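Residue-level listing of the chains:
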Amino acid sequence: MSSSSTSNNNNNNKNNNKFHFCIDRGGTFTDVHCILPSGEHVVRKLLSEDPTHYPDAPTEGIRRILHEFNHAAAATATTTTTTVPPAAQEEEDAAAPVQDNDVLSTEYIGSIRMGTTVATNALLERDGSPMALLITKGFGQLLDIGTQARPNIFDLACRKPSLLYRRVVEINERVTLNEYYEDNNDNDNHDDVDTVLLAQGLTEETVRIVKRPDPEEIRAALQQLRDDGIESLAVCLMHSYTFADHELLIGKIASEIGFPGQVSLSHQIMPMVKLVSRAHTACASAYLTPKITAYLDGFLKGFDDGLITGRVPLTFIQSDGGLSPYHSFGGHLAILSGPAGGVVGYSKTTPPGSPVIGFDMGGTSTDVSRYDGSSYELVLETTIDGVSIQAPQLDIHTVAAGGGSRLFWKHGLLRVGPESARAHPGPVCYRKPGGVLAVTDANLVLGRLLPQEFPNIFGPNEDEPLDVEASRAAFVQLLQETGTDLTLEELASGYLQVANEAMCRPIRNLTQMKGHDIQQHTLACFGGAGPQHACAMAQALGIPKVFVHRYGGVLSAYGLSMADAVSDVQEPTGGHEYNPETGDTDYTEPLERLQQQAMATLRKQGFANDEIVITKYLNLRYKGTDNAIMTTTTTTTTSSEDNNKKPYHVVFEEQYQREFGFTLQRPLLVDDVRIRAIVPGKSAPKADASSSSLAKVVAPEEEAPKPSYHHQAYFGNSWQSVPVYHLEKLEPGHVLQGPAILVQSISTIVLEEHCSALITADGDLDISVGSATTTISTEEGTDDTKAPQSNTVVVDPIQLSIFSHRFMGIAEQMGRTLQRTAISVNMKERLDFSCALFTAQGGLVANAPHIPVHLGAMQEAVKFQVKYWNEQGEGIAEGDVLVSNHPQLAGGSHLPDITVVTPVFDEHASGNIIFFVASRGHHADIGGIAPGSMPPHSKLLTEEGATIVAFKLVKRGQFDTEGISEILKDSRNLPDNLSDLRAQVAANHAGIGLLQQLVSEYTLPVVQSYMSFIQDNAAQAVRALLQDFRLKHGSDVVVAEDAMDDGSPIRLKITFTKEGTAVFDFTGTGPQVLANHNAPPAVTYSAVIYALRCLVQEDIPLNQGCLAPIDFVVPPKSLLNPTPDAAVVGGNVLTSQRIVDVVLKAFDACAASQGCMNNLTFGNDSFGYYETIAGGSGAGPTWEGVSGVHTHCTNTRITDPEILERRYPILLHQFSLRPGSGGAGFHNGGDGVIRELEPLTTMTMSILSERRVLSPYGLKGGQPGRTGRNILIRTNGDEINIGGRCTTQLQPGERLRIESPGGGGYGTAAVANAKNEE
């Protein structure tokens, strides 16, 4: 049978007497869905790893079904859903071979489709092919540095995922864009530069070949790699997305040498701009493809030659939800292969009429996604375990919460995950040694899981049921640890509520952050554990419908049967300006060429032209922004015309308006053209009866569904006898009322109170979700749903944990709104902003973990505004929005950080302010004596830009454009200031809506009470930290000191009390300086709150309570408490780092990190640019310092090298680690970085930096890190040290090299050497 006939026959009912298999090979279970020759469906589930019984689970699943049904291939089979027990339990059936020597015949197989986590697991476990990265000279450690942001800002160890490659080779070559060179200056003053050659790139841009590679050097390097055991190569050179000749040369030489694995050239893998992401993607391809190839080789050996010859199509689902022939299935396209089938499954099976949220809950994590009812939501870049992948992929969000998520009691809060029990040792109920309490145990002890419905596969002999009593005993022990008066059932139920809230957060982000109404969606639930939680989550989210497909337990496998065959190709265009008059006609040639390429790929798979549907895309963005949107105007078959389509720019602006809330009056640029060719998969079969007519299918009361039995389960705060139904015994039209438990052979569905489930004509569950009641504890007892005004709310640890999630979730969503709606690179790309919630008095409730130096500082700004407007101003009215930035007078940090504060009024009591929300963002320029408002040598605050003590940005709903424009009149980019301020107002508005929704859900007294409780909880955690340190240290007083490069000391004495309070006394700190590294008090508070949060080492709420046990003594007119006119721009970015170093030194926590942000600005009258540069982190008692990472008070990203050179007249010669700059020790400090830039036009460059004189200290005998250096390199090669702070004009051909400091070492290096010798 040809591939073409097979594809057509896939849609026939009888399948031409063939078996069509769809298999999802997961980490724990492999699900097999098969369409029999009769057209009926069977499903099987078996362990993915069971080497004592079979070598490969998918092959075994196929073998079992062929053995079971092949003798009656022509007969009609009944639909069967079965969980296959271990092979030993069905030895006779499972062991019977279908063909001798265990090779299966493909005679009766029509097709095999697979999804697999092989690539995902290899990535997460770092178990791929031994590989090397080849990259342009000067960028050897680029992927080590990455965006320079650390994953967890409170992790002193700055842990980052490990890299994929074993070796890196720098290729002495260089290509750049010619656009910014003046008068074809060949810039040949450097010895390593060839005579200039110009060429036209793929994007039609002129590229300058600065340095051509030496083939013999490449050959020698590759041969050495091969001799050293390297099997795969990833090649990524600067600007190879447009000029690939040098990569092709390397590929040719590698082919001649012969590498047994994969050679991935980045321009072939994904020709898109962004060096870091493209290099990561090439590495993923080289690292993972051999792993997939090895698996495929083993799989193919289990069959005759039918799969290899193509007689039987073997396809795999890719991360974008499309099918690919097995020989084209690459590693970077396979990362989401596992969950992709589920997205296809729910999108094709959920009843139409509303957008759908997919909820796939597994053992260790939960995947959520969205389907708009007509098309998949795809993204072109995502980061998985530290690896950025550039490729079309489904927009799937993963949260570390699943059935195996562990349960903890920490500082008075219930915490679920992110740690997982996994399969080993597993939850307590699995009867394995070392089992730990997990979500599964909570469901079990509450009667929501039924042991009698599970196979007896637990215990040492794998013949026992789930152990309910062991789970209960573990909960009894945990209950004793809490010291609360909760019952065991209340505690277990509380953990389920907290787990549900953790999974609700990404769903809210996926919908509300993109402007979608969450209550207009259906929740499609699948996966093993999902149906136990779906109804409760829908109640919490306000979603009215839950849909559970009859194959919900194996939906990822079932979805494969309906997946599209896809060919997706694209190429860059160079950022040409889009012409609305001509539209895509300017790109007819590349679009037509890509279309023919994509169609040819599908024709090779046996599809005809008239089956193929083509979608054309232009990747558009506004000039001066980085947020590109892949835009399409029409979807058409190749045989029809593109009639009545909207212009691309209209579609783009509509989508931009919906997602970001505004449009810009700027030209559009085209970054890429793309063609997506698909052969649509079939739709899910439907029964003749519709859900609306199902009431007629079942007779009245005498035919009402009868439960199989009743079971004791915990619902609504009490034990109840609830009905248990086996779904195979129910009929279409049956309606079940909650609470109830519904059992499928492959999943358990919990029907909550106030929910009802309709059995559809297809045997699916259409669940209507009613509102749940919330119990709030008061001094008068409990009150369902709402707490009366007259009662005092009593803290409940369960509700406290939930509110902790809700408050932080609101702050996070504010941040996402700000990122979406901002214009500037600083906020939209570098993420230099923070958002927070406050009480009516201005006390911090929740601060999303954005920028550490903002933590706690905004509280002072909000409190000042409350006091100012109530005591000196005209008061605060509804519709007012307040703005300030003054560091000394108004609680600011430095002038570029502008704080926007919005009051939240009681909807039921006019004029009553109940909360505040605020956002603080770094504006690129607000005036002052230097571009970027970060002058290195400012001495007065007025030299740093506009100052705002108190101003109403919005007054009674009217944005005061004229007033704020007058204040910011000296800004060099006022339009961006105004746009970003509007974005901050929009972020606050989003927070207001979510807070008012919370009040509506719980009542104002409850929300206000839990704001207070959550602050008390943070204070409790900090008190425990202080008490513990006092006992371990054996003293009530500790002191620490460090100094700025000018010699100004920062002295700290901490006096502890046995009650868990402390006085942080900075007496002895140096006086205010006639420079700009004075730090306002708010910066000191932020630095201390950040350090304390790191020292707690637990995920505690970040709010005012962290400072409640702390009293501060900060002498006036000192470096940390300057006069109102003092310059402070460096205090926020430099002195803040030193304060953290001093606090951590006092606590003996770790060695000093680089202690600097290395602030670089450059520009001229036509543009300005600002960045901060990473360095080394300090080592600690159990960790090595990390190299090339932002530390402590900042965590902003850095611009990708290719983006930098495309946007600005700059040539980046080097961005690499600085070897040996980390201090030696038992644990070595991290290395700093080297960043070397050359202007291509005359411009002013300014550097504001520290640790150029005094080294970052080591601790416990560790050596200090090396100081940084800022070097100006003249055109003749002379090097000039320009010091830590300098503004200078650079000419083309000159260079500025910044060498950032390393981190200090921890412990004596001699001890480490002795240990190594042993």
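Everything discussed here concerns the structure shown above.
Thresholds applied
- Residues numbered from 1 in each chain as written.
- Predicted model: local features only at pLDDT ≥ 70, side-chain atom pairs only at ≥ 80, totals over all residues.
- Heavy atoms only, no water.
- Salt bridge = Lys/Arg side-chain N within 4 Å of Asp/Glu carboxyl O.
- Helix = DSSP H or I, 4+ residues; strand = E, 2+ residues; numbered from the N terminus.
- Buried < 20%, exposed > 50% of the residue type's maximum accessible area, 1.4 Å probe, protein only.
- Expected span 1.5 Å × (residues − 1).
- Pairing = 2+ DSSP bridges.
- Axes fitted to C-alpha atoms, helices over the stretch in contact; angles between N-to-C directions.
- Phe/Tyr/Trp six-rings, centres within 6.5 Å; stacked < 30°, edge-to-face > 60°.
- Lys NZ or Arg CZ within 6 Å of the ring centre and 35° of its normal.

## Quick look at the pattern of salt bridges
Consideration 1: Counted according to the given criterion, the structure contains 58 salt bridges.
Consideration 2: Note that Glu1205 and Arg174 form a salt bridge whose closest N and O atoms lie 2.4 Å from each other. Of the two residues, Glu1205 is situated in helix α26 (residues 1201-1207) and Arg174 in strand β8 (residues 174-177); the sequence distance between them amounts to 1031 residues.
Consideration 3: Given the relative accessible area of 2%, Glu1205 is considered buried.
Consideration 4: Asp880 serves as the salt-bridge partner of Lys952, at 2.7 Å between the closest nitrogen and oxygen. In this pair, Lys952 is assigned in strand β42 (residues 951-955) and Asp880 in the loop between α20 (857-871) and β39 (881-884), connecting sequence segments 72 residues apart. Pair check on accessibility: Lys952 and Asp880 agree, each one buried.
Consideration 5: A single network of salt bridges, built from pairs that share partners, joins Arg1218, Glu1236, Glu1238, Arg1269, Glu1279, Arg1295, Arg1297 and Glu1299.

## Quick look at helix α22 (residues 974-1002)
Consideration 1: With 29 residues, α22 extends 42 Å from end C-alpha to end C-alpha; this agrees with the ideal 42 Å at 1.5 Å per step.
Consideration 2: Count one or two residues on from α22 and you reach Thr1003, which has phi positive near 85°.

## Considerations on the sheet that holds strand β9 (residues 197-200)
Consideration 1: The strand order across the open sheet built from three strands is β8-β10-β9, with neighbouring strands paired in antiparallel fashion. Each edge of the open sheet carries a strand with a single partner, namely β8 and β9. The mean inter-strand angle of the sheet, taken between neighbouring strand axes irrespective of direction, is 35°.

## Considering the packing of aromatic side chains
Consideration 1: Applying the stated criterion across every chain yields a total of 28 aromatic pairs.
Consideration 2: On the numbers, 5.4 Å between centres and 45° between planes, the contact of Phe1029 with Phe1056 is tilted. Pair noted here: Phe1029 is in helix α23 (residues 1004-1033) and Phe1056 is in strand β45 (residues 1049-1056), with a separation of 27 residues, a long-range link. Grouping residues by exposure puts Phe1029 and Phe1056 together as buried.
Consideration 3: Judged by centre distance (6.3 Å) and plane angle (90°), the rings of Phe1162 and Tyr1208 are edge-to-face. Of this pair, Phe1162 sits in strand β48 (residues 1159-1164) while Tyr1208 sits in the loop between α26 and β50 (1210-1217); the two residues are 46 residues apart in sequence, bridging distant segments of the chain. Comparing Phe1162 with Tyr1208 shows no difference in burial state: the two are buried.
Consideration 4: Grouping aromatic residues by their ring pairs yields a cluster made of Phe803, Phe807, Tyr1002, Tyr1010 and Phe1013.
Consideration 5: The positively charged end of Arg448 is found above the aromatic ring belonging to Phe715, 4.3 Å away from the centroid.

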